[in-house]
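Each chain is listed here by its residues.
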Amino acid sequence: MNARQITLYTVLLAATLVAPFLFPDFRTQLATLWLMIIVALTWDMTGGQMGYNSLGNIFFYGTGMYVAAVIAIGLVYDVGEYTDAAGGGRFDFTDAQYFTGMLLGTIGAGIFCSMTAVVIGYLTFGLRGPYFAIGTLGVAIAAGELVSNWDWVGGGQGIALPVYPGDFDVGKLVFYYLFAGIGVVLFVFLKWLYSTRFGAAINAIRDDEAKAEAMGLHTLRYKLTTWAMAAFFVGMVGAISAFQLIHFEPLESAYQTINLGIFMVVCVLLGGKGTLWGPIVGAVLFHVFKEVTWNYLLGWQWVALGALIVITVVYFQDGLMGWLMHRKPEWFGIRVEEKTAGADR
Amino acid sequence: MTSIIDIQDVSKSYGGVVANAGVSMSVESGGITGLIGPNGSGKTTLFNSIVGYHPIDHGSIRFEGKEISKLPVQQIARLGLLRTFQQTRIYGAMNCVENMLISMPHRKMSFFDAFERNRSKDYERADVLLDFVGLYEKRFLRAGSLSFGQQKLLEFAMALMNEPTALLLDEPTAGINPTLINGLIDRLKRANTEFGITLFIIEHNMRVIMNMADKIYCLAHGRLLAEGTPEQIQNNQKVVDAYLGAH
């Protein structure tokens, strides 16, 4: 890293840390922005870097919510009794129980989602292109329907988790830093991952999987590992979302295929697939666009969003970063070298 | 010399079309073997059978004495038996150096090696081989932006990067500028002599294959029509007839 990059990252990190104090009214909004960045970055791991456009990543978000809730509740009470709406029992959590539940629930959700990604990936990675997209979408929709008929986890009612103990505003701050922390860790992790041979291998799978196989790459192993890593992070943010939302239900908030499930794809397309910064830039633009239209174009907000998607897909297929790469290839190291003294360097 | 690829009585049909029928041949270790035949005579089908692209109906294929006809593509590649494609296949969105680096021999890599960065000797080897095929100046261009001929050269360099024991080349000179062909013949020969890679080449350009191969097999209508040295093949009336359509 050169001095300019260090300055840039220092400024960004400082902005991340002070943002909730500069804009105290927007703490939840900023937390949601980080959520968008995380789901966009993880979607791009398979969609952009590996060429597998999943429409089912929302499955890990919803599953993360449920796994975390079941762990947090199960540590203290019987889950079936807790979710039994007719029971009318009273369930209190001490501070220690709440935070232990949140910590173990979040980690457990990440690990569980990683493992399910391996199983689902093993079944669906035989599908290519649009078939993979529809196959994974099917998994997410089916999961939502199954869970909404499963009374032990609250069925269609969903689950109401305990409220954050202590000051409500401090709670908002805690959730912001949880999302931001995972986001920063994810960014550093991906920056490293994409610089390794592993990153190059999944790029090769994207460009020509049959060639990668013919060259002896362990393609299935790389695909499963990538998806499991993505699912780990999505599962964790799903878990934190569950505690932030307090109450969630299966179809609209957990397995919300048509909202967050599509938004994460739009973020990446807007910013540029297959780049590290594209999903981040796209998530910021998308979130601002969405909040502005939801406020000032209420009633037409879905139309505006649809128009944005159409314009992106038709005119900016490579996204903002891709457009930049066409305009300024030298910024990205694409150049013809003069012939120098042979191959020794 | 001992044979490195042994093909015994291999048959493959697509529905009613018999692409290979009872083909037997052997590729000698360290040599250059040619495979010729008119269009549709089953040459590429045979290559695909060898590298595991599809199951064969009948017969046996051995590589270094090991039966490989039931193995999947990746495993065969990791044994050190590699192929290039008639329609070139490169990783279009990556630059030439990245294309080279990802072609490192994966049979020598463990899962955790994948989480390392490439070492400087890997970069050096990539540069040397790109220089070897004459793409050194273009090494930071996206591979997809290269011309078809250049992509063929890149694909060849990628194959060399993989350090295969044997390399199957499907029409290496097709689509390459005639003035570059001489250079390519020279490089193929050097890959054989300097790097010790056994070559098995499908080629339509008779001048090229007669120049390079120690031994040539000729297929027609999915069957082995003739085998022998380039001179024997050139003087074989059945081969001449097959190419002129008499067969």
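Residues numbered from 1 in each chain as written. Chains lettered and ligands numbered in written order. Predicted model: local features only at pLDDT ≥ 70, side-chain atom pairs only at ≥ 80, totals over all residues.

Before going further, it helps to examine the overall build of chain B. Along the backbone of chain B there are 9 helices and 10 strands. In terms of C-alpha radius of gyration, chain B reaches 18 Å, essentially the compact-globule figure of 18 Å for 247 residues. In chain B, which comprises 247 residues, the proportion classed as buried is 46%. Sequence-distant contacts in chain B: of pairs separated by 6 or more residues, those separated by 24 or more amount to 68%. (Helix = DSSP H or I, 4+ residues; strand = E, 2+ residues; numbered from the N terminus. Rg over C-alpha atoms; globule rule 2.2 N^0.38 Å. Buried ≥ 20, exposed ≤ 12 C-beta atoms within 10 Å, placed from the backbone. Contact = placed C-beta atoms within 7 Å.)

Here the focus is the interface of chain B and chain A. Tallying the contact residues gives 35 residues for chain B and 30 residues for chain A. Those elements that place two or more of their residues in the side of chain B that touches chain A are α2 (73-78), α3 (96-101) and α4 (120-132) of chain B. The element that contributes the greatest number of residues to the side of chain B that touches chain A is α2 of chain B, accounting for 4 residues. Taken together, the residues of the side of chain B that touches chain A sort by class into 15 nonpolar, 7 polar and 13 charged. (Nonpolar A, V, L, I, M, F, W, Y, C, P; charged D, E, K, R; others polar.)

Time to look at helix α6 (residues 130-148) of chain A. Since the α-helix turns once every 3.6 residues, residues separated by three or four places project in the same direction. All names here are of chain A. Look at α6: 27 Å from first C-alpha to last across 19 residues, which is about the 27 Å you get at 1.5 Å a residue. Where α6 is concerned, the buried positions are Phe-132, Thr-136, Ala-140, Ala-143, Gly-144 and Val-147. Projected down its long axis, α6 carries its buried residues within an arc of 110 degrees, all on one side. Structural note: α6 exposes Pro-130, Tyr-131 and Leu-146 on the side pointing more than 90 degrees away from its buried face. (Expected span 1.5 Å × (residues − 1). Arc of directions from axis to C-beta.)

We now examine the confidence of the model for chain B. The predicted coordinates should not be examined in detail at positions where pLDDT is low. Mean pLDDT over chain B works out to 89, with 98% of the residues at or above the 70 mark. With pTM at 0.88, the complex prediction returns an ipTM value of 0.86. (pLDDT = per-residue confidence, 0-100.)

Let's shift gears to the environment of Gly-144 of chain A. Residues and elements named next belong to chain A. Note that Gly-144 resides in helix α6. Residue classification places Gly-144 among the buried residues on the basis of 22 C-beta atoms within 10 Å. Considered as a pair, Gly-144 and Thr-63 are 81 residues apart in the sequence and their alpha carbons are 9.1 Å apart. Excluding residues within four positions of it along the chain, Gly-144 makes contact with Gly-62, Pro-250, Leu-251, Ala-254 and Tyr-255.

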